[in-house]
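So you can see what is in the structure, the chains are spelled out below.
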Amino acid sequence: MGSPIQIKKHGISTLFNRYSAEGLLKLNTEIWFVTAFIGQVIFAAYIIKLYGGASFRGDWEAWNSFMPHGYQEGRLWSNAIVFLHIFMAGVITIGGPLQLIPALRKHFPAFHRINGRIYLGVALLTSITGILINLLNKPLGSQLNANLTAFNGVLIIVFSYFVYSRAKSSMVSSHRRWGLRLFMAASGVWFFRIGLMFWLLVNSGPVGFDPETFEGPALTILNAAQFILPLAFLEMYFRVEKSGRDLPKVFYSMLLILLTLVTATGIFGASMMLWFPYF
Ligand code: HEM
């Protein structure tokens, strides 16, 4: 136990650290992450409730409540691939954020290793099955939009390789960076959903696309932005984190507050319009 003077000193330095540029950056990063985590848990709960519940009841028609090619009579292979895709989607949405929680990594390293292996396998399967669904069916919306999401799937596969190889070579900080890139890419379809609902909310309706055909420039931009924007913000974060100066950290912290507001609005919109109706 430290002397009262030491405790007082420690208390002041903790307070100072919390309000230093570095502390501000850490706090705002955590707030964004917790917000995103809550949104991903809601998305995963929706997947389990809608698709898991329907499978449990043997109600295959319910698979078409949202998806245009969920269940198709007589198409065994296509149905099996969609089933695997959705099952894996549920696992990846929960497993991904858990890998990023420092306390879990620190106190339960075995969990991080086991969940990490499952996560990488599931990331590969989700992407491969997603790309196969695109090849086997006419996509909803334009082919360009489907190709952009397929490219997101290719990025997930490439990033998974780097996460694994860096972990194998014990390159800790590179492994961390690739892990974060993988999380952003694997969250692409989730970003698409919250991005679309944010867009609908701020415009009070569909603008820049046709809600019937699901085509239009707004959706093409969103399909590209679902992985480009999160990855760009992440690369910016790596630079800011490394910088020895306070100003970029304070600036990025302000940006994170804005991003958290946008993320929270998108999660609210997606929960109310896409996910909660199936609960
Ligand atoms: C890795 C994270 C992914 C997750 C969590 C995920 C999740 C989902 C979910 C939940 C659905 C059902 C629609 C809904 O209820 O919202 C779905 C459908 C679909 N996913 Fe993914 N997905 C992922 C990656 C991909 C990738 C990389 C592709 C690549 C092309 C893809 C292609 C599709 C397609 C085409 C459908 C619609 C199936 C249809 O036509 O009916 N997904 N996905």
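Residues numbered from 1 in each chain as written. Predicted model: local features only at pLDDT ≥ 70, side-chain atom pairs only at ≥ 80, totals over all residues. Heavy atoms only, no water.

An unreviewed UniProt entry annotates the protein chain as DUF2306 domain-containing protein of Arthrospiribacter ruber.

Draft legend 1. Spatial organisation of the overall build of the protein chain. Tallying secondary structure elements over the protein chain gives 10 helices and 0 strands in all. The globule rule puts the C-alpha radius of gyration for 279 residues at 19 Å, and the 21 Å found for the protein chain is close to it. Each of the three principal axes of the protein chain carries a C-alpha extent, and together these read 75 × 45 × 30 Å. Considering only contacts within the protein chain whose residues lie at least 6 apart along the sequence, 69% involve residues at least 24 apart. Taken as two groups, the 22 positive and 11 negative side-chain charges of the protein chain have centres that lie 17 Å from each other. (Helix = DSSP H or I, 4+ residues; strand = E, 2+ residues; numbered from the N terminus. Rg over C-alpha atoms; globule rule 2.2 N^0.38 Å. Contact = heavy atoms within 4.5 Å. Lys, Arg positive; Asp, Glu negative; His and termini not counted. Charge placed at Lys NZ, Arg CZ, Asp CG, Glu CD.)

Draft legend 2. Looking closely at the site of the ligand. Close contacts around the ligand come from 26 residues, with Tyr46, Tyr51, His69, His85 and Arg193 the closest. Between tyrosine 46 and the ligand, the recorded distance is 2.4 Å, taken from a side-chain N or O atom to an oxygen atom. One of the side-chain nitrogen or oxygen atoms of histidine 85 is found 3.0 Å away from a nitrogen atom of the ligand. Counting only elements with at least two residues in the shell around the ligand, the list comes to α2 (21-57), α3 (76-99), α5 (109-136), α6 (143-168) and α8 (188-202). Of the residues in the shell around the ligand, the class split is 16 nonpolar, 9 polar and 1 charged. (Near = heavy atom within 4 Å. Polar contact = N/O pair within 3.5 Å; in protein donor to acceptor, adjacent residues only side chain to side chain. Nonpolar A, V, L, I, M, F, W, Y, C, P; charged D, E, K, R; others polar.)

Draft legend 3. Spotlight on the coordination of the iron atom of the ligand. For the iron atom of the ligand, the protein supplies a single donor, His85 (NE2), at a distance of 2.1 Å. Residue position: histidine 85 is located in helix α3. (Donors = N, O, S within 2.8 Å, 3.2 Å for Na, K, Ca; no water.)

Draft legend 4. Just a nonpolar patch on the surface, in detail. Side chains of Trp60, Phe83, Phe87, Val91, Ile114 and Ile118 sit close together on the surface and give an oily, nonpolar patch of about 560 Å² of accessible area. For the nonpolar patch, the secondary-structure elements that each account for two or more residues are α3 and α5. Of the residues forming the nonpolar patch, the biggest block, 3 residues, is contributed by α3. Locating isoleucine 118 in the fold gives a position in helix α5. (Patch = residues over 30% accessible without salt bridge, like charges linked within 9 Å, V, L, I, M, F, W, Y side chains within 5 Å. Areas by Shrake-Rupley, 256 points an atom, 1.4 Å probe, with all protein chains shown as cover. Salt bridge = Lys/Arg side-chain N within 4 Å of Asp/Glu carboxyl O.)

Draft legend 5. Inspection of unusual backbone geometry at higher detail. Positive phi, normally seen in glycine, also occurs at serine 204, with a value near 50 degrees. Structurally, the position occupied by serine 204 is in the loop between α8 and α9 (217-242). Positive phi values are uncommon outside glycine, yet phenylalanine 214 reaches one of about 60 degrees. Mapped onto the elements of the fold, phenylalanine 214 is located in the loop between α8 and α9.

Draft legend 6. Expanded view of the packing of α2 against helix α10 (residues 246-275). At a closest axis distance of 9 Å, the pairing of α2 and α10 adopts a crossing angle of 15 degrees. In terms of orientation, α2 and α10 fall into the roughly parallel class. The element α2 and its partner α10 pack so that their crossing is left-handed. Across the contact of α2 with α10, the residue classes tally to 19 nonpolar, 8 polar and 3 charged. (Axes fitted to C-alpha atoms, helices over the stretch in contact; angles between N-to-C directions. Parallel < 35°, antiparallel > 145°, perpendicular 65-115°, else oblique. Left-handed = near helix turned anticlockwise from the far one by under 90°.)

Draft legend 7. Region of interest: the packing of aromatic side chains. Evaluated as defined, the whole model comprises 21 aromatic pairs. Considering the side-chain rings of phenylalanine 43 and tyrosine 46, the 6.2 Å spacing of their centres and the 15 degrees angle between planes classify their relative orientation as stacked. With phenylalanine 43 and tyrosine 46 both in helix α2 and 3 residues apart, this pair spans about one turn of that helix. The two residues phenylalanine 43 and tyrosine 46 agree in class, both being buried. Here the basic side chain of arginine 181 rests over the ring of tryptophan 178, its NZ or CZ set 4.4 Å away from the ring centre. (Phe/Tyr/Trp six-rings, centres within 6.5 Å; stacked < 30°, edge-to-face > 60°. Buried < 20%, exposed > 50% of the residue type's maximum accessible area, 1.4 Å probe, protein only. Lys NZ or Arg CZ within 6 Å of the ring centre and 35° of its normal.)

Draft legend 8. Region of the structure containing the UniProt feature "transmembrane region" (unreviewed entry) in the protein chain. The residues that UniProt annotates with the feature "transmembrane region" (unreviewed entry) are residues 31-56, 76-98, 118-136, 148-167, 179-201, 221-238 and 250-276. The span residues 31-56 carries 100% helix and 0% strand; its end-to-end C-alpha distance comes to 36 Å. Between the C-alpha atoms that bound residues 221-238 the distance is 25 Å, and the span itself is 100% helix and 0% strand. (UniProt positions renumbered as here; feature names shortened; annotations may be inferred.)

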